[in-house]
Amino acid sequence: MFRNEDGKDITDEEFEELIEPFGDACYRYLHDDILPEYIAFYLAEGVKLKALFSNTYRIHINSAADVFNIKYDYEFVKNKVTRILAEKYHLRVISEDPLNFEEVS
């Protein structure tokens, strides 16, 4: 349920027990689920429309991730993006520098 505003600051204990875990859960969802899905879409759509310039996998991931303005675990995100690209967009990464794909069925 929603917290009621009483005009007073919350205690340090309330912050640590309620607010901080909420922020952590939101960050994990963004980092673990939303960010990789968006980056995979960004790359797949960019390849389909021939809108991306030749560059490394890292640079393309960083460019797409910039929209979220968060720190992220590059290897975790890259591995998840690679899996999503293969499963959802039928693109297998065959080179990371420069980034290149092959279509798979």
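Structure shown above.
Below you will find a few notes about this structure.

Let us look at the pattern of salt bridges. Summed over all chains, the structure comprises eight salt bridges. For Glu14, the salt bridge is made with Arg3, and the minimal N-O distance between the two is 3.3 Å. Of this pair, Glu14 sits in helix 1 (residues 12-48) while Arg3 is found in the segment before helix 1, placing the two residues eleven residues apart along the sequence. Among the ionic pairs, Glu96 bridges to Lys78, the shortest N-O distance being 3.2 Å. Of the two residues, Glu96 sits in strand 1 (residues 91-96) while Lys78 sits in helix 3 (residues 74-89), which places them 18 residues apart along the sequence.

Let us now look at the packing of helix 1 against helix 3. Running from N to C, helix 1 and helix 3 cross one another at 55°; their axes reach a closest spacing of 8 Å. Put simply, helix 1 runs oblique to helix 3. Both helix 1 and helix 3 take part in a crossing whose hand is right-handed. The segment helix 1 lies against helix 3, with His31, Asp32, Asp33, Leu35, Pro36, Glu37, Ile39, Ala40, Phe41, Leu43 and Ala44 engaging Phe76, Val77, Lys80, Val81, Ile84, Leu85, Lys88 and Tyr89. When its residues are assigned to classes, the contact of helix 1 with helix 3 shows 13 nonpolar, one polar and five charged.

A word on a nonpolar patch on the surface. Together, Ile10, Phe15, Leu18 and Ile19 give the surface a local cluster of nonpolar side chains, amounting to about 310 Å² of exposed area. Its location among the elements puts Ile10 in the segment before helix 1.

Here Asp97 and Pro98 are connected by a cis peptide whose omega angle stands at 0°. Mapped onto the elements, Pro98 comes out in the loop between strand 1 and strand 2 (99-103). Within the chain, Lys50 stands out as a residue other than glycine whose phi angle is a positive 55°. Note that Lys50 resides in the loop between helix 1 and helix 2 (57-65). Even without a glycine there, the phi angle at His90 is positive, about 55°. Among the residues examined, His90 registers a relative accessible area of 37% and is labelled partly exposed.

This part covers a negative patch on the surface. Judged by side-chain charge, Asp12, Glu13, Glu16, Glu17, Glu20 and Asp24 come together as a negatively charged surface patch. Mapping Glu20 onto the fold places it in helix 1. For Glu20, a relative accessible area of 37% translates into the label partly exposed.

A separate point is the nonpolar core. In terms of nonpolar packing, the biggest core is built from 19 residues, with Ile39, Leu43, Tyr57, Val81 and Leu85 touching the most fellow members. For this core, the elements supplying multiple residues, two or more each, are helix 1, helix 2, helix 3, strand 1 and strand 2. If we ignore the near neighbours within four places in the chain, the residues touching Tyr57 are Leu43, Tyr74, Lys78, Val81, Thr82, Leu85, Val93, Glu96 and Leu99.

Definitions and cut-offs
Residues numbered from 1 in each chain as written. Predicted model: local features only at pLDDT ≥ 70, side-chain atom pairs only at ≥ 80, totals over all residues. Heavy atoms only, no water. Salt bridge = Lys/Arg side-chain N within 4 Å of Asp/Glu carboxyl O. Helix = DSSP H or I, 4+ residues; strand = E, 2+ residues; numbered from the N terminus. Axes fitted to C-alpha atoms, helices over the stretch in contact; angles between N-to-C directions. Parallel < 35°, antiparallel > 145°, perpendicular 65-115°, else oblique. Left-handed = near helix turned anticlockwise from the far one by under 90°. Contact = heavy atoms within 4.5 Å. Nonpolar A, V, L, I, M, F, W, Y, C, P; charged D, E, K, R; others polar. Patch = residues over 30% accessible without salt bridge, like charges linked within 9 Å, V, L, I, M, F, W, Y side chains within 5 Å. Areas by Shrake-Rupley, 256 points an atom, 1.4 Å probe, with all protein chains shown as cover. Buried < 20%, exposed > 50% of the residue type's maximum accessible area, 1.4 Å probe, protein only. Lys, Arg positive; Asp, Glu negative; His and termini not counted. Charge placed at Lys NZ, Arg CZ, Asp CG, Glu CD. Core = buried A, V, L, I, M, F, W, Y, C linked by side-chain atoms within 4.5 Å.

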